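Residue-level listing of the chains:
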Amino acid sequence: MSGNQNAPQPVIPRTGIGIDVHAYAPDDAPQPLWLGGLFWDGERGLSGHSDGDPVAHAAADALFSACGVGDLGTHFGTDRPEYAGASGVTLLAEAARIVRAAGFEIGNIAVQFVANRPKFGPRREESQRVLTEAAGAPVSVSATTSDGLGFTGRGEGISATATALVYPVRSASPESVA
């Protein structure tokens, strides 16, 4: 059998994983809590170079992983003073821009975070809406606890794990990724 040499090649999706962890800010240097792209009034905030939002950061890292274009530190590391205090939503939007400039489109991003607080369910849809708008693609967020185990169970911080699905749409030159 001979195949058609001019037949379109199938689009092969790519997946990536992102993990982000932030400790709660010390009592003598309090921070606001930003989680899932939302401000949580009255909740203890997290330490970080930017706003410390592990949900948005893990989502961005999963995008970078899927495309093979580095990681969160590569693009927004502590050596980049312009990102000090930056919103996780801003970082996710910039990550999506970088991914698209590298020749990929985003299928979806799924994030799960582990924390004792805040109670996420009542604001899930709001968070997903904010993150979806930033990424320009569907973002789903779920939350769980660790049943008192580990640093999240002891209330020392919050961790988040994300997966992203992307697919190539065109060739891109390396210069367009910067």
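Counting of residues starts from 1 at the beginning of each chain's written sequence and follows it residue by residue. Only residues with pLDDT of at least 70 get local features here, since the model is predicted, and only at 80 or more are side-chain atom pairs given and counted; chain-wide, interface and lining totals rely on the full set of residues. Side-chain figures throughout are based on the complete set of non-hydrogen atoms in the structure, without hydrogens or water.

Undergrad: Mind showing me how you'd approach the packing of aromatic side chains here?
TA: Describing an aromatic ring pair means giving the distance of the ring centres and the angle of the ring planes. Side-chain rings of Phe, Tyr and Trp (the six-membered ring for Trp) are treated as a pair once their centres are within 6.5 Å; stacked means planes under 30 degrees apart, edge-to-face means over 60, and tilted covers the remaining angles. Under the criterion given, the structure shown has five aromatic pairs. Ring geometry for Trp 40 against Phe 120: centres 6.2 Å apart, planes inclined by 35°, an arrangement best described as tilted. Taken together, the positions of Trp 40 in strand β3 (residues 38–40) and Phe 120 in the loop between β4 (104–114) and α4 (124–135) put the pair 80 residues apart, joining distant regions of the chain. Categorising residues by exposure relies on relative accessible area from a 1.4 Å probe, with only protein chains included: less than 20% of the type maximum marks a residue as buried, more than 50% marks it as exposed, and the intermediate range marks it as partly exposed. Owing to a relative accessible area of 3%, Phe 120 belongs among the buried residues under this scheme. In this description a helix means any DSSP run of H or I spanning at least four residues, a strand means any run of E spanning at least two, and both kinds are numbered starting from the N terminus.

Undergrad: Looking at this structure, I do not really get the pairing of β4. What am I missing?
TA: Residues in a regular strand point their side chains to alternate faces of the sheet. Pairing between β4 and strand β6 (residues 157–168): ten bridges, direction antiparallel. Looking at β6, one finds that Ala 110 is bridged to Thr 163. Pairing geometry for β4 and strand β5 (residues 139–144), over six bridges, is parallel. What sits directly across from Ala 110, in β5, is Ser 140. The pairing criterion is simple: DSSP has to find at least two bridges between the two strands.

Undergrad: Would you explain the pattern of salt bridges in this entry?
TA: What makes a salt bridge here is a side-chain nitrogen of Lys or Arg within 4 Å of a carboxyl oxygen of Asp or Glu, nothing more. For the structure on display, the rule yields seven salt bridges. Here Arg 154 and Glu 156 are joined by a salt bridge, their closest N and O atoms 2.7 Å apart. Overall, the relative accessible area of 54% leaves Arg 154 in the exposed class.

Undergrad: Sorry, what's going on with the packing of helix α3 (residues 88–101) against α4 here?
TA: Each packed pair of helices is defined by two parameters, the angle between the axes and the distance between the axes. A fitted line through C-alpha atoms represents every axis, and for helices the fit uses only the stretch in contact; the resulting angles, taken between N-to-C directions, go from 0 to 180 degrees. Look at α3 against α4: their axes get within 7 Å of each other, and the N-to-C directions meet at 35°. Residues Val 89, Leu 92, Ala 93, Ala 96 and Arg 100 of α3 touch α4, and the partners they reach there are Val 130, Leu 131, Ala 134 and Ala 135. Each residue receives one of three labels: charged for Asp, Glu, Lys and Arg, nonpolar for Ala, Val, Leu, Ile, Met, Phe, Trp, Tyr, Cys and Pro, and polar for the others, Gly being one of them. Of the residues belonging to the contact of α3 with α4, the class tally is eight nonpolar, no polar and one charged. Contacts are assigned to residue pairs that have any heavy atoms within 4.5 Å of one another.

Undergrad: Whenever I open this one, the nonpolar core confuses me. Can you help?
TA: Side chains of nonpolar character tend, in soluble globular proteins, to be buried together. Counting 46 residues, the largest nonpolar core has Leu 63, Leu 92, Ile 109 and Phe 113 as the members making the most contacts within it. When residues of this core are assigned to their parent elements, the largest contribution, ten residues, is made by helix α1 (residues 54–67). Beyond its immediate stretch of four places on either side in the chain, Leu 92 contacts Ala 56, Ala 59, Ala 60, Leu 63, Ile 109, Leu 131, Ala 134 and Ala 135. We call a set of buried residues a nonpolar core when its members are Ala, Val, Leu, Ile, Met, Phe, Trp, Tyr or Cys and they connect through side-chain atoms within 4.5 Å of each other.

Undergrad: Quick question: what am I supposed to make of α4 here?
TA: Owing to its 3.6 residues per turn, the α-helix brings residues three or four apart onto one side. Its twelve residues place the ends of α4 16 Å apart at the C-alpha level, agreeing with the 16 Å of an ideal helix rising 1.5 Å per residue. Looking only at α4, the buried set comprises Ser 127, Gln 128, Leu 131, Ala 134 and Ala 135. For α4, the arc enclosing every buried residue in end-on projection is 130°, short of the 170-degree limit, so these residues lie on one face. Projecting away from the buried face of α4 at angles above 90 degrees are the exposed residues Glu 125, Arg 129 and Glu 133. Buried residues along α4 sit against β3, α1, α3, β4 and β5. Just past α4, the residue Gly 136 takes up positive phi, approximately 70°. By this rule the span expected of a helix is its residue count minus one, scaled by 1.5 Å. Each C-beta atom gives one direction from the helix axis, and the arc is the one those directions make.

Undergrad: Would you mind going over unusual backbone geometry with me for this structure?
TA: With the exception of glycine, the majority of residues adopt a negative phi angle, and the majority of peptide bonds are in the trans configuration. Residue Pro 118 follows Arg 117 across a cis peptide bond; omega there is 0°. Here Pro 118 is to be found in the loop between β4 and α4. The phi dihedral of Asp 147 falls on the positive side, at around 50°, and the residue is not glycine. In this fold, Asp 147 is placed in the loop between β5 and α5 (150–153).

Undergrad: What should I look at first to understand the environment of Gln 112 in this one?
TA: With respect to the secondary-structure elements, Gln 112 resides in strand β4. For the pair formed by Gln 112 and Ser 140, sequence separation is 28 residues and the distance between their alpha carbons is 8.5 Å. Not counting the four nearest positions on each side in its chain, Gln 112 is found in contact with Ser 142, Ala 143, Thr 144, Ser 159, Ala 160 and Thr 161. Distance and chemistry together define a polar contact, namely a pair of N or O atoms within 3.5 Å, with one atom able to donate a hydrogen and the other to accept it when in protein, and with adjacent residues in sequence counting only for side-chain atoms on both sides. Within polar-contact distance, the side chain of Gln 112 engages the side chain of Ser 142 at 3.3 Å.

Such coordinate-based values are descriptive only and should not be taken to indicate function.
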